[in-house]
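# Structural characterization, general
Chain by chain, the residues run as shown.
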Amino acid sequence: MRRGYTHRNSRIGFPTVGVLSLWLLTQSFSQPLVEELAIEVKGVSREFAFTNKETAFFIGETHAENRSVWQGFNVFGHTFVHDYEIWIEEKKLERSSACSVVVYPDYLKRLYPGGIIEELRLVDSLALFAVTVTAPKPVHIDVIPLFSEGARDYLTRFRGQLVLLARRNHLTKTEQQPHPVWLAIHGAGLLPQSKSTQRQNSFSPVIVAGRKATTHVLAFSVGDTPEEAVQHARSYLEHKDRYHRVRRERMERLLHETFVQTENADFNKALAWAKLSLDALLMNQRMKGIFAGLPWFNNYWGRDTFIALPGATLVLGRFGDAKEILLSFAAHQQGDSTSHDYGRIPNIITTTDRAYNTADGTPRFVMMAREYVERSGDTAFMSSIYPTIVRSIEGTLRHHCDSLGFLTHGDAETWMDAVGPDGPWSPRGNRANDVQALWAQQLEAGVWFATQLQDSSHAQRWRDHLLHLRQNFLRFFIHHGQVVDHLRRDGSPDNRLRPNQIFTTRLLPEELRAQVVQTVVSKLTYEYGVASLSQEDEDFHPYHLYPPYYPKDAAYHNGVVWTWLQGPLISELCHFNEHDFAFRLTQNAVHQILDRGAVGTQSELLDALPRANEHEPLLSGTISQAWNLAEFVRNFYDDYLGARVSLLNHHLVLRPRIPEALGSVKAVINLNGRALPIQTGSTNEATSVRIDGSNLRKGGTAEIHLLMDDSQEISGTFKVRPNSHIFITLSDSVLSLVSEGVSDSFISETINSAAALSSRSPLAFVAPSLRAGLKTLRPPDHALIPHSTIKAFNPVARSVVRVDDPRGDDNGTGAFTYPLSTHFKKGGFDITRFAVSADDSMAYVELQFTALANPGWHLEYGFQLTFIAIAIDEDGIENSGTRLVGRNANFILPPRRAYERIIYVGGGVQLDDKDGRVLAAYVPKEEDVSHPLGDAERGVIRFALPTKYLGTPTEKWTFTVLVGGQDDHGGAGLGEFRTVREKASEWHGGGRTRMEEPNVYDVLETR
């Protein structure tokens, strides 16, 4: 109904609207903002992360030496420096002794006793980091660069005041391995010299000394050639102040163009940090993109990118970046019409490879293409991207659509994509609810594009498919008033309680939409985030890392809290006017950004439940994740401020749902470099909104949606003239408009019911609860072998067998080649000796290889990327055991070698019987690093097994040893044989021409 309209073309009773513009612009563009974001870390060491916006990043500790192999200086996906030590007057500068450590968005500062100051900086565009040490009086310093234990073979060159280093296995550069090679360490007054230094998990072949001075500056620079590395280091040393200024000014510009101020100081600071930490992940590694997360997702993931795109670019008015990223992915669309992946946008783009293994990335790409055009008004892009849109939809209709209109997909082709040796950990094939919702939005966007471009044929075809899909979704996915998680291949519903239903709300009637939000809140959401599986589920994993009971990927989507999921939930809560309740989730994100984990950012995950004696769940996963930060930023603009501008239609929608904790809000909406200041606030008497359109070049329309005290919504639409100022108030159910320079504005209001969820039933988060006897926390049925047993050794044990194998026969069936990544070491699949000895209680196994790799990802293993199966025939009777070797070996033993026992060696050791039953296993722990399973430097793996599990070896036993690449699918654990393909790629070997060929490179047999 209509009520309470007032339109006044005057200023009577209101302050001059132009004051808003003047205040906002002077406040947001005059004062420095980055300096105010300093976070002082006290009491505990926190991680920090900086990038150069191109290909490099540095991750370190504020108060400690770098502890993780993932920390250090990384360029193009390769760690060049693990850490560094500073010695002053022959005394080590201990980071734990720092009086204060302050982290800014652009650099870190450590202040030590005696007035010593250390600064660590990265600069934009150059692949280098710099360390500056200043002292009140001249001091002599020594700097020791530390490198990972797994890469000791360095070439060093000394040139006056600099030293050049390169790993020998990186010197042969190929198109498949495009990373730079050379590291230069340079600084005025430096005297590099050869000196070997050994630490627990790192070493150094050099030491860099500095003559007495009050200021010492060292540049660690990486380049393709020695000359390039040196040139970049010298450029920094000569122009460091300019590099620092350019970096700081870039950050200031971003904060100024998207200025936000609320009455909540912590939120203001966290939002600014989130913008800058997210911006740090917008990289230019061979193409413009967004790193999914640091440290190990230092590449581009389609799904993550398109989820992050609104918060990273669109709501911030950074349309140029959005366009470039969309075009980058479009260029890699699968264009082969005969391919099963035809029309798909890549899920992963690395420096050398791409993969199309996702069902949801392509719909999200199309959705973002539409959103970009609507927000930016870029009609030229609309025309150029349309062929990509057509291929994406037609490819799905051809290869991935069933008779019901649903998008079909594999078990691990949703965002819940973790895979282990036995298959997906959370299978959701072949029709997941969120994928159907995204497919519907892809079709909607396709119809929109086709209509805009007057392609009536495709518009009608896709509209028909969309209607068919919507009807069948309500028919098949709704069971007993709930949205099921997915339909199995046989059509039966999977009713496991997961959060994916939150993505389906646009397909649902309003009452069912409300029920879905209620369910996700009350069954899956803790005060600190949304769980990936209900804690009442028998497969619930309360903790991400819980060795030795399960590998981390088992928990990845089976209980662990994913911070980014609170983004869509907050949007839904704000839709139902539950913004104050929603802000409780935002407050926890603020707490993490400012007080927990890596400084100024958010981790990928949290444990679902706090552990014993912990008051908060542990952080886990990557230390800085793009989609988490992006959703935090997007929620403010899209949901709390509720401002959305369409430059395509010259239309502004403003639906503020400001949480009480934020108070009044002043914000600048960035329209690709033009500022649109908005202010909104409430008192006991009225709600007011001020809009300064002085930078609007064209007129348009605007609509306002404000909440009244009774939780009902009053809406109005009005015309906006160029260079206009608008002041809107809501008081006593009366919506009033004051405008400047507008002679013919009109406004109409309608009061709509917008009942809050709490009017149906009280909203409450899940109370964390650990069920007694939870299956996932029970010890396994098999024996767990302790580290002390697996590394036992008896030098006088009797020899059972000792066999040598020729070098260089690691070529499978004759033509196998190694994967192209330099993490694999030639000879790592080439066994040269196998020996077994035994005593009354133990059997001792030794395997010698031409070489072993140790990338450093799991130092407790001592090696990685090699997988071994040792099949044991105990009775010598043909076909009395099992012939097929498991773990993706695809290898069938001769009848005379059928095994009764088999040992698998990779990320641990596992002993199985002939029926595949696990008898015993050793699962390495981090503390095992002091005496790991393997020794990559010597190419040796040694372990012992109790004879009560293995049996007592005799000379009659015959052994068949199979060796290949190890693949743990990124989730740790024992792993399996890595698949060999026809053509070698970064992570897969080549030369396999027939599917029946085994994934085995070398075979050793004993008599």
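All of these numbers come straight from a predicted model, not from anything done at the bench.

## Re the pattern of salt bridges
Side chains that carry opposite charge are capable of pairing whenever their charged atoms lie near each other. Following the criterion strictly, the structure yields 54 salt bridges and no others. Here Arg303 makes a salt bridge to Asp360, at a shortest N to O gap of 2.9 Å. With Arg303 in helix α4 (residues 302-314) and Asp360 in the loop between β23 (354-355) and α6 (361-376), the pair connects residues that are 57 residues apart, well separated along the chain. When sorted by exposure, Arg303 lands in the same class as Asp360, which is buried. Between Arg644 and Glu371 there is a salt bridge, with its nearest N and O atoms 3.8 Å apart. Of this pair, Arg644 sits in strand β37 (residues 643-646) while Glu371 sits in helix α6, and the two are 273 residues apart along the sequence. Judged by its relative accessible area of 11%, Glu371 is buried. Among the charged side chains, a network of salt bridges with common partners joins Arg370, Glu371, Glu374, Arg375, Glu631, Arg634, Asp638, Asp639 and Arg644.

## Quick word on the environment of Ala292
Structurally, the position occupied by Ala292 is in strand β20 (residues 288-294). Taking the relative accessible area as the measure of exposure, Ala292 reaches 2% and is therefore buried. Separated by 335 residues in sequence, Ala292 and Trp627 have C-alpha atoms that sit 7.4 Å apart. Beyond its immediate chain neighbours, meaning those up to four positions away, Ala292 contacts Phe297, Asn299, Trp301, Asp304, Ser624, Gln625 and Ala626.

## Observations concerning unusual backbone geometry
Residues Leu294 and Pro295 are joined by a peptide bond in cis, for which omega reads 10°. Tracing the sequence through the fold places Pro295 in the loop between β20 and β21 (297-301). Positive phi is not limited to glycine here, since Asp732 has a value of about 55°. Tracing the backbone through its elements, the reader meets Asp732 in the loop between β44 (724-731) and β45 (734-740). For Asp732, a relative accessible area of 71% corresponds to the exposed category. One non-glycine residue, Leu865, lies in the positive phi region at around 75°. Here Leu865 is to be found in the loop between β50 (842-849) and β51 (866-873).

## Quick notes on the nonpolar core
Ranked by size, the top nonpolar core spans 225 residues in total, and within it Phe73, Phe129 and Phe365 carry the most contacts. With 11 residues, helix α8 (residues 433-452) is the largest single contributor of residues to this core. Sequence-distant contacts of Phe129, that is, excluding residues within four places in its chain, are made with Phe58, Phe73, Val81, Tyr84, Leu120, Arg121, Leu122, Leu218, Ala219 and Phe220. One finds Leu865, Ala936, Val963 and Tyr1001 within the second-largest nonpolar core, a separate group that totals 43 residues.

## Remarks on the packing of helix α3 (residues 265-279) against helix α14 (residues 626-640)
At a closest axis distance of 9 Å, the pairing of α3 and α14 adopts a crossing angle of 130°. For the element pair α3 / α14, the angle class is oblique. Here α3 and α14 pass one another in a crossing that is left-handed. Counted together, Phe267, Ala270, Leu271, Ala274, Lys275, Ser277 and Leu278 of α3 and Ala626, Leu629, Ala630, Phe632, Val633, Phe636 and Tyr637 of α14 form the full contact between these two elements. The residue inventory of the contact of α3 with α14, partitioned by class, reads 12 nonpolar, one polar and one charged.

## Things to note about the packing of aromatic side chains
One pass over the full model with this rule turns up 54 aromatic pairs. Considering the side-chain rings of Trp564 and Trp627, the 4.4 Å spacing of their centres and the 15° angle between planes classify their relative orientation as stacked. In this pair, Trp564 is assigned in the loop between β33 (561-562) and α12 (566-575) and Trp627 in helix α14, connecting sequence segments 63 residues apart. Here the aromatic rings of Phe583 and Tyr640 are separated by 5.8 Å at their centres, their planes lie at 65°, and the arrangement is edge-to-face. Taken together, the positions of Phe583 in helix α13 (residues 579-595) and Tyr640 in helix α14 put the pair 57 residues apart, joining distant regions of the chain. Judged by relative accessible area, Phe583 falls into the buried class, the value being 3%. Grouped by ring-pair contacts, the aromatic residues Trp70, Trp296, Phe297, Trp301, Phe816, Tyr818, Phe824, Phe829, Trp857, Trp987 and Tyr1001 constitute a single cluster. When the ring centre of Tyr243 is taken as reference, the NZ or CZ atom of Arg242 above it lies at 5.0 Å.

## So, the sheet that holds strand β29 (residues 486-487)
Taken in spatial order, the three strands make up an open sheet running β26-β29-β30, and their pairing is antiparallel. At either margin of the open sheet sits one strand with a lone partner, and together these are β26 (431-432) and β30 (493-494). Direction of pairing for β29 relative to β30: antiparallel, over a ladder of two bridges. Residue Leu487 lies in a different strand from β30, and its bridge partner there is Pro493.

Conventions adopted
Residues numbered from 1 in each chain as written. Predicted model: local features only at pLDDT ≥ 70, side-chain atom pairs only at ≥ 80, totals over all residues. Heavy atoms only, no water. Salt bridge = Lys/Arg side-chain N within 4 Å of Asp/Glu carboxyl O. Helix = DSSP H or I, 4+ residues; strand = E, 2+ residues; numbered from the N terminus. Buried < 20%, exposed > 50% of the residue type's maximum accessible area, 1.4 Å probe, protein only. Contact = heavy atoms within 4.5 Å. Core = buried A, V, L, I, M, F, W, Y, C linked by side-chain atoms within 4.5 Å. Axes fitted to C-alpha atoms, helices over the stretch in contact; angles between N-to-C directions. Parallel < 35°, antiparallel > 145°, perpendicular 65-115°, else oblique. Left-handed = near helix turned anticlockwise from the far one by under 90°. Nonpolar A, V, L, I, M, F, W, Y, C, P; charged D, E, K, R; others polar. Phe/Tyr/Trp six-rings, centres within 6.5 Å; stacked < 30°, edge-to-face > 60°. Lys NZ or Arg CZ within 6 Å of the ring centre and 35° of its normal. Pairing = 2+ DSSP bridges.

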